[in-house]
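Structure at a glance
Residues per chain are reported as follows:
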Amino acid sequence: MSTRLSELTEQDLLARAERPAQDALRLHPFYRGKIQIASRCPIQDVVNDFAVWYTPGVAAPCRAIQENEDLAYEYTSRGNTVAVISDSTRVQGLQVGIDEKDIKAVAGLPLMEGKALLFKHLGGVDAIPICLDAKDPRDIVTATKWLQPSFGGVNLEDISQPKCFQVLDTLRSDPEVTIPVWHDDQQGTATIILAGLFNALKIVDKRMEDLRVAMVGAGAVNVATLPLLLACGVKPGNVVACDSRGILHPDRADVEERKDEFRGKWWMCQVTNAEGRRGGADRRHPVAEAMRGADVCIAASRPGPGAILPEWVEAMAEDAIIFALANPIPEIWPWEAKEAGARIVGTSRGDFSNQINNSLVFPGIFRGVLDVRATTITDEMAIAAAQEVAAYQADRGLDEEHIVPTVNDWEVFPREAAAVGVRAQEQGLARLTLSYEQLLSKADQTIRQAQAMTRFLMEQGLIPPLPEAPRGDQG
């Protein structure tokens with residue numbers, strides 16, 4: 001890049017962040033959506049072929065599935081189809097606050113289609129966007145259960161908290177739900193954070209067991225990240241977390257009052273912050289206090305800049321690691337963090353180094369669980385995926401600016417799939433038995449085929465080329 005990002009003004013960076021939105025408004029109506037249904041079977045003699053694929057022939061596989069419902073995975077596309085389910089209450093750029101009016105469910109459809117596009121291109125997974133006109137978590141759970149017979153898995157997306165916790169926990173614990181249910185905003189982001197941390201620790205030569213961790217924000221991301229960190233050796237007492245009202249600790253009565261809704265946050269109050277740190281309006285700033293002496297800061301809070309100040313970074317430990325994940329502007333600009341002493345900085349933005357992006361994990365994880373017909377996705381599977389992502393980048397070479405791959409590195413997804421599939425079998429949660437090599441080959445072939453199909457449609461003009469931007473609108 002000819003111009004160093006640190007030399008750009010804040011206005012320049014904000015304008016750069018707006019560019020995709022401007023292009024999206026131009027291109028979405030041109031293509032009228034991003035996904036479509038395509039035939040998997042040959043159609044040559046319409047009358048005779050439809051007699052096999054539809055009526056009367058189709059009655060035979062219907063009867064077979066009635067006798068053995070597992071045959072649905074053999075006779076239909078269920079085993080490669082995922083439902084992307086949302087109530088549109090946490091759509092990127094349309095976040096809904098307590099006193100704000102809810103957006104319409106259909107307003108989230110472009111994002112859910114985009115998620116389906118990533119599923120197909122990066123994981124070879126057919127995904128169907130489903131925006132539910134329902135806000136009650138019980139209704140979302142019921143609708144998801146009703147849809148279960150048609151899908152091999154469910155990806156929950158952009159559901160506001162605390163209902164996102166209630167919906168996920170209820171579905172995962174329900175014995176009637178026998179397909180994997182995953183919430184990408186929680187589990188996916190937590191998995192890629194862990195992958196980035198694995199490699200960052202190699203560079204700074206620190207161990208999980210010795211880390212002091214500050215967590216800025218106690219929402220979906222950090223509530224899901226903490227269990228993965230603890231499973232990998234971080235000591236719970238060495239974690240200091242804070243929300244918008246201050247540092248979490250056992251005496252937070254405001255959290256205790258709503259502990260049934262915010263079970264994850266209340267759990268964090270109980271197990272973290274062994275020193276009993278406090279912080280609030282009448283004391284040291286809670287974020288500054290949480291970051292003091294920390295080796296790692298994981299921030300998933302309000303957009304910056306200025307949500308994290310350089311002087312707070314200066315008070316961290318030597319060779320500090322900062323993941324500032326707010327969108328569209330991180331809590332602190334990467335160069336400001338580095339000038340203040342941070343060794344490694346990751347953000348959610350693709351125009352900065354070390355993009356901590358959940359798109360690096362969910363396509364591979366679902367590819368793996370679908371290929372072994374797993375019944376759920378566990379934290380152990382997420383850790384296996386994180387380890388594989390970290391290993392992939394380590395094989396390519398590590399430095400302060402390259403701790404995770406990018407979505408251009410599509411070869412990482414078959415490796416994730418194979419690692420997740422093996423772990424599912426080890427945990428006794430898979431219906432099929434396949435070796436790592438078999439899973440790797442299967443995932444590689446499936447993903448290559450999905451990408452080749454798109455290239456073919458483009459080459460044939462069946463997907464029109466991108467229209468030129470209007471003159472004067474090119475960045």
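Heads up: these notes are all about the structure in this document. In this text, all values refer to a predicted model and were calculated from it rather than measured experimentally.

Across the sheet, which stays open at both edges, the four strands sit in the order β2-β1-β3-β4 with parallel pairing between neighbours. Single-partner strands in this sheet number two, and they are β2 (126-131) and β4 (181-183). Averaged over neighbouring strand pairs, the angle between their axes works out to 25° when direction is ignored. Its contacts with the sheet put helix α7 (residues 163-173) on β3 (153-156) and β4, and the angle it makes with β4 is roughly 160°. Strands in contact with helix α8 (residues 184-204) are β3 and β4; relative to β4, the strand with the most contacts, it is inclined by about 75°.

A word on the packing of α8 against helix α9 (residues 220-231). Following both chains from N to C, one finds α8 and α9 inclined at 50°, their axes separated by 8 Å at the closest point. Regarding the angle of α8 to α9, the classification is oblique. As for how α8 packs across α9, the hand of that crossing is right-handed. On α9, the residues that touch Asp185, Gln186, Gln187, Thr189, Ala190, Thr191, Ile193, Leu194 and Leu197 of α8 are Ala220, Val221, Ala224, Thr225, Leu228 and Leu229. Residue classes in the contact of α8 with α9 are distributed as nine nonpolar, five polar and one charged.

So, about the sheet that holds strand β7 (residues 246-247). Read from one edge to the other, the open sheet built from six strands follows the order β7-β6-β5-β8-β9-β10, with strand pairing classed as mixed. The open sheet is flanked by β7 and β10 (342-347), the only strands paired with a single partner. Across two bridges, the pairing between strand β6 (residues 239-243) and β7 is antiparallel. Within β7, the position partnered with Asp243 by the bridge is Gly246.

Counting residues in hydrophobic clusters, the biggest one holds 99 residues, and the most contacted among them are Leu156, Leu194, Leu197, Met208, Val213, Met215 and Ile321. Top element by residues in this core is α8. It accounts for 11 residues. Look past the residues within four positions of Met208 in its chain and what remains in contact with it is Leu194, Leu197, Phe198, Leu201, Cys232, Gly233 and Val234. Residues Val216, Val240, Val313 and Ala324 belong to the second largest nonpolar core, which totals 24 residues.

Bringing the packing of aromatic side chains into the picture now. Centre distance and the angle of the planes are the two values used to describe a pair of aromatic rings. Tallied over the entire structure, the rule returns seven aromatic pairs. On the numbers, 4.8 Å between centres and 65° between planes, the contact of Phe119 with Phe362 is edge-to-face. Pair noted here: Phe119 is in helix α5 (residues 109-123) and Phe362 is in helix α15 (residues 362-371), with a separation of 243 residues, a long-range link. For the pair Phe119 and Phe362, a shared accessibility class is recorded, and that class is buried. Ring plane angle 5° and centroid distance 5.3 Å describe the contact between Trp333 and Trp335, whose orientation is recorded as stacked.

Moving on: the pairing of strand β5 (residues 213-216). Neither face of β5 is left uncovered, since the one carrying Val213 and Met215 and the one carrying Ala214 and Val216 both have all their residues buried. When β5 meets β6, the two strands line up parallel, connected through four bridges. The residue of β6 that forms the bridge with Val216 is Cys242. Following the chain from β5 across α9 to the adjacent parallel β6, one finds a crossover that is right-handed.

With that out of the way, let us pick up the pattern of salt bridges. Scanning the model with the defined rule gives 31 salt bridges in all. Taking the shortest distance from any N to any O, the salt bridge between Lys115 and Asp184 comes out at 2.4 Å. Residue Lys115 is located in helix α5, and its partner Asp184 is located in helix α8; the two are separated by 69 residues in the primary sequence. Asp184 shares its class with Lys115; the two are buried. The structure contains a network of salt bridges with shared partners spanning Asp243, Arg245, Arg252, Asp254 and Lys265.

For α15, a buried count of 10 out of 10 residues is recorded, marking the element as mostly surrounded by other parts of the structure. Listed in full, the buried residues belonging to α15 are Phe362, Pro363, Gly364, Ile365, Phe366, Arg367, Gly368, Val369, Leu370 and Asp371. Among the residues trailing α15, Arg373 stands out with phi positive, at a value near 55°.

A cis amide bond links Thr55 to the next residue, Pro56, at an omega of 10°. With respect to the helices, strands and loops of the structure, Pro56 is situated in the loop between α2 (46-53) and α3 (59-67). Omega for the peptide link from Asn327 to Pro328 comes to -5°, which places this bond in the cis form. Unlike most non-glycine residues, Asp205 shows phi in positive territory, near 60°.

Reading the values: the criteria
Residues numbered from 1 in each chain as written. Predicted model: local features only at pLDDT ≥ 70, side-chain atom pairs only at ≥ 80, totals over all residues. Heavy atoms only, no water. Pairing = 2+ DSSP bridges. Helix = DSSP H or I, 4+ residues; strand = E, 2+ residues; numbered from the N terminus. Axes fitted to C-alpha atoms, helices over the stretch in contact; angles between N-to-C directions. Contact = heavy atoms within 4.5 Å. Parallel < 35°, antiparallel > 145°, perpendicular 65-115°, else oblique. Left-handed = near helix turned anticlockwise from the far one by under 90°. Nonpolar A, V, L, I, M, F, W, Y, C, P; charged D, E, K, R; others polar. Core = buried A, V, L, I, M, F, W, Y, C linked by side-chain atoms within 4.5 Å. Buried < 20%, exposed > 50% of the residue type's maximum accessible area, 1.4 Å probe, protein only. Phe/Tyr/Trp six-rings, centres within 6.5 Å; stacked < 30°, edge-to-face > 60°. Right-handed = clockwise from strand over helix to strand, strands pointing away. Salt bridge = Lys/Arg side-chain N within 4 Å of Asp/Glu carboxyl O.

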